[in-house]
Amino acid sequence: MTGIPGEGWKVFADGDDSENVPLWRALAQFTSDDLDEGLKANAVVIRQAKLPFARYYNMAFVVSMAFGFLFVIFLIGLLLSANTRSANLFSVLTLATLTATAAPHIWRQLYQYGFKTPDAPLPLSHASDRHFEEFLGCLQKASGPRAYYISRFGKRRVFLNRRQFFGRLRYFLFSEHSADRALVMRFRTGHSLPGDIFLHRNDVDKMLAMGKPKRKGGPGRNSKYRYAEAIIALIGDTRLDALDLNDRTASVRAIKEWLADWFEANADATGDVPRSDQLSPYAEKIFDHLQNSSAIGGG
C-alpha cells in the first residue's frame, strides 16, 4: 500500500480496511466518536432538509412522467399522420409535451446550482449544521481532499469537481441512502450520482485529526471497554510472530480479529463488545509497535 490515491487501491463493501471511505461514513466519524451515533445525528439533519424538497420533487416527477407519456402518444400520432393536415398539430403537441417533460429536471438543476457555474457555495435552502459545514469547508477548497466515485465500468476512480459541493442541497450527498443522493444532480449534467461517493482513507484521517479536539485525560474518564486488558492478553501470543509486517492491511485485520475474539470470550453479562471500527486504532498501534520493534531488531 502506497498511501497515494489511485495507486494500489482496493474496493471493499464498506470494509474497515478499504482505502475508499464512503462520504456518509466519513462525516459520521467526523460528527461523533461513535459511528452509529454519528449516522443518527446526520440522518436527522438530512431528513429535516429533505422534507420540504421531497414534496416538490415528487410532484415534479409525476408531472414529468405524465407529460412523458403524452409525448410518446403524440409522437406516435405525428409519425402516423405524416403528410396529413393534422401533422402540424401533432408537431406542436409533441414539442410542447417534450418541453414539459424536461422542464422539471431543468428546474431542479437550476434550483440547486443557479443559472451559471457557482463560484462559491450557494445559500442553503434549510438550516445549517456545524459538523456538515466544517466537513464541507474542506471539500469546497481547491486545495482540499478530492471526492470521487467508482465508475460502473472499469472500476476506476472518477473525481468530482469541488463545485459539486456548492449546491443548495449539498447535504444530501452525505446520506447513507442512495435514494437521497439521487435527488442531487451531478454538477453540469442530468445524471444522478452512481453508487457511493468516496474519500481516500488518508484524507479522512487528516480531516478527523484536524477537526476533532484532543481528548482530555485524567480522573473521571473511564474507557467503556477493557482495551488495555485485551492488548496485554496478546503479549507473547505466537500468532503475532507469524504476521507479515510487509502487508499492513492483512496484519491489522488479523489483529482486530484476535482482539474481537478476546472481547467475545471475556464479555460481561450484557454481552456488549466493541465494534470493528472501534478496534481499528488499537490494532494499528499494535502493528506499528511490532513493525518498529522489527526494524530496531533488524538494525
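The numbering scheme is per chain: residues are counted from 1 as the chain's sequence reads. A pLDDT threshold of at least 70 governs which residues receive local features in this predicted model, and a stricter bar of 80 or more applies before side-chain atom pairs are shown or counted, although totals over entire chains, interfaces and linings include all residues. Side-chain descriptors were evaluated using all non-hydrogen atoms of the structure, hydrogens and water having been removed beforehand.

## Things to note about the overall build of the protein chain
Comment: elements are numbered from the N terminus, with helices defined as DSSP H or I runs of at least four residues and strands as E runs of at least two. The helix and strand tally for the protein chain stands at 10 helices and four strands. Starting at the N terminus and walking to the C terminus, you meet the elements of the protein chain as β-α-α-α-α-β-β-α-β-α-α-α-α-α. Looking at the protein chain as a whole, 39% of its 299 residues qualify as buried. The criterion used for residue contact is that any of the two residues' heavy atoms lie within 4.5 Å. Pairs at least 24 residues apart make up 69% of the contacts formed inside the protein chain by residues separated by at least 6 positions. Note on areas: Shrake-Rupley, 1.4 Å probe, and residue coverage restricted to the protein chains presented here. Approximately 17,700 Å² of the protein chain is accessible, and the part contributed by carbon and sulfur atoms is 58%. Exposed residues in this analysis have more than 50% of their type's maximum accessible area, buried residues have under 20%, and partly exposed residues fall in between, with area computed by a 1.4 Å probe over protein chains only.

## A word on the confidence of the model for the protein chain
On a scale of 0 to 100, pLDDT captures the predictor's confidence in every residue. Averaged over all residues, the pLDDT of the protein chain is 79; the fraction at 70 or higher stands at 84%. The element-level mean pLDDT for the protein chain is lowest in helix H10 (residues 276–298), coming to 79, with strand S4 (residues 198–200) highest at 92. The model gives residues 1–17 a pLDDT under 50, and that stretch makes 40 contacts with residues more than four places away or in other chains. A low-confidence stretch, residues 213–222 (pLDDT under 50), is modelled with three contacts involving residues beyond four sequence positions or located in other chains.

## Concerning helix H7 (residues 227–234)
Every buried residue of H7 is listed here: Tyr227, Ala230 and Leu234. Buried residues of H7, viewed axially, fall in a sector of 65°; they line one side. Facing away from the buried side of H7, by more than 90 degrees, are the exposed residues Ala228 and Ile232. Once H7 ends, the next one or two residues include Gly236, with phi positive near 85°. This arc is built from the directions going out from the helix axis to the C-beta atoms.

## Quick word on the pattern of salt bridges
What makes a salt bridge here is a side-chain nitrogen of Lys or Arg within 4 Å of a carboxyl oxygen of Asp or Glu, nothing more. Under the counting rule described, the total for this entry stands at eight salt bridges. A salt bridge links Asp196 to Arg181, with the nearest nitrogen and oxygen atoms 3.3 Å apart. Linking Asp196 in the loop between helix H5 (178–181) and S4 with Arg181 in helix H5, this pair joins segments that are 15 residues apart in sequence. Notably, a salt bridge pairs Arg226 with Glu229, separated by 3.3 Å at the nearest N-O pair. Under the relative-accessibility criterion, Arg226 is labelled partly exposed at 38%. Owing to a relative accessible area of 41%, Glu229 belongs among the partly exposed residues under this scheme.

## Considerations on the layout of surface pockets
Here the second largest pocket defines a volume of roughly 220 Å³. The definitions used throughout rest on a 1 Å grid laid over the protein atoms alone, on which a cavity is an enclosed set of points accommodating a 1.4 Å probe that cannot get out and a pocket is an open set flanked by protein within 12 Å on both sides along at least five of seven lines; lining residues are those having an atom within 4 Å of a point. For the second largest pocket, the lining is made up of 13 residues, of which Leu39, Ala43, Ser175, Glu176 and His177 are closest to its centre. In terms of residues, the lining of the second largest pocket owes the most to one element, helix H2 (residues 35–80), which gives seven residues. Amino acids outside the nonpolar list (Ala, Val, Leu, Ile, Met, Phe, Trp, Tyr, Cys, Pro) and the charged list (Asp, Glu, Lys, Arg) are all regarded as polar, and Gly is one of them. Looking at the lining of the second largest pocket residue by residue, the classes come out as six nonpolar, three polar and four charged. Grid points are joined across faces, edges and corners, and a volume is the space filled by probe spheres set on the points.

## Focus on the packing of helix H1 (residues 23–31) against H2
A packed helix pair is summarised by two numbers, namely the angle formed by the two axes and the spacing between the axes. Lines fitted to the C-alpha atoms define the axes, with helices restricted to the stretch that makes contact. Angles between their N-to-C directions range from 0 to 180 degrees. Axis separation between H1 and H2 bottoms out at 7 Å; the angle between their running directions is 105°. By the angle between their directions, the pair H1 and H2 is classed as roughly perpendicular. Along its contact with H1, which presents Trp24, Arg25, Leu27, Ala28, Gln29 and Thr31, the element H2 presents Leu35, Gly38, Leu39, Ala41 and Asn42. The residue inventory of the contact of H1 with H2, partitioned by class, reads six nonpolar, four polar and one charged. Just so you know how the angles are binned, under 35 degrees is roughly parallel, over 145 roughly antiparallel, 65 to 115 roughly perpendicular, and the rest oblique.

## A short note on empty space enclosed by the protein
Throughout the structure, instances matching the rule amount to one cavity of 30 Å³ or more. Here the largest cavity is characterised by a volume of approximately 50 Å³. Lining the largest cavity are Tyr57, Ala60, Phe61, Ser64, Pro104, His105 and Arg108. When contributions to the lining of the largest cavity are tallied by element, the ones reaching two or more residues are H2 and helix H3 (87–113). Here the lining of the largest cavity gets four residues from one element, more than from any other, and that element is H2.

## Focus: the side chain of Gln278
Relative to the assigned elements, Gln278 resides in helix H10. Those residues in contact with Gln278 that sit more than four places away from it in its chain are Tyr225 and Tyr227.

## A short note on helix H4 (residues 130–139)
His131, Phe132, Phe135, Leu136 and Leu139 are the residues of H4 that are buried. Down the axis of H4, the buried side of the element spans an arc of 120°, and every buried residue falls inside it. In protein, a polar contact requires one atom able to donate a hydrogen and another able to accept it; more generally it is a pair of N or O atoms within 3.5 Å, and residues adjacent in sequence count only if both atoms are side-chain atoms. Its side-chain oxygen at 3.1 Å from the backbone nitrogen of His131, Asp129 defines the N-terminal cap of H4.

## Focus on the environment of Trp258
With respect to the helices, strands and loops of the structure, Trp258 is situated in helix H9 (residues 248–265). Sequence separation between Trp258 and Leu240 is 18 residues, and the spatial gap between their C-alpha atoms is 10.0 Å. The residues touching Trp258, leaving out its near neighbours within four places in the chain, are Leu234, Arg239, Leu240 and Leu243.

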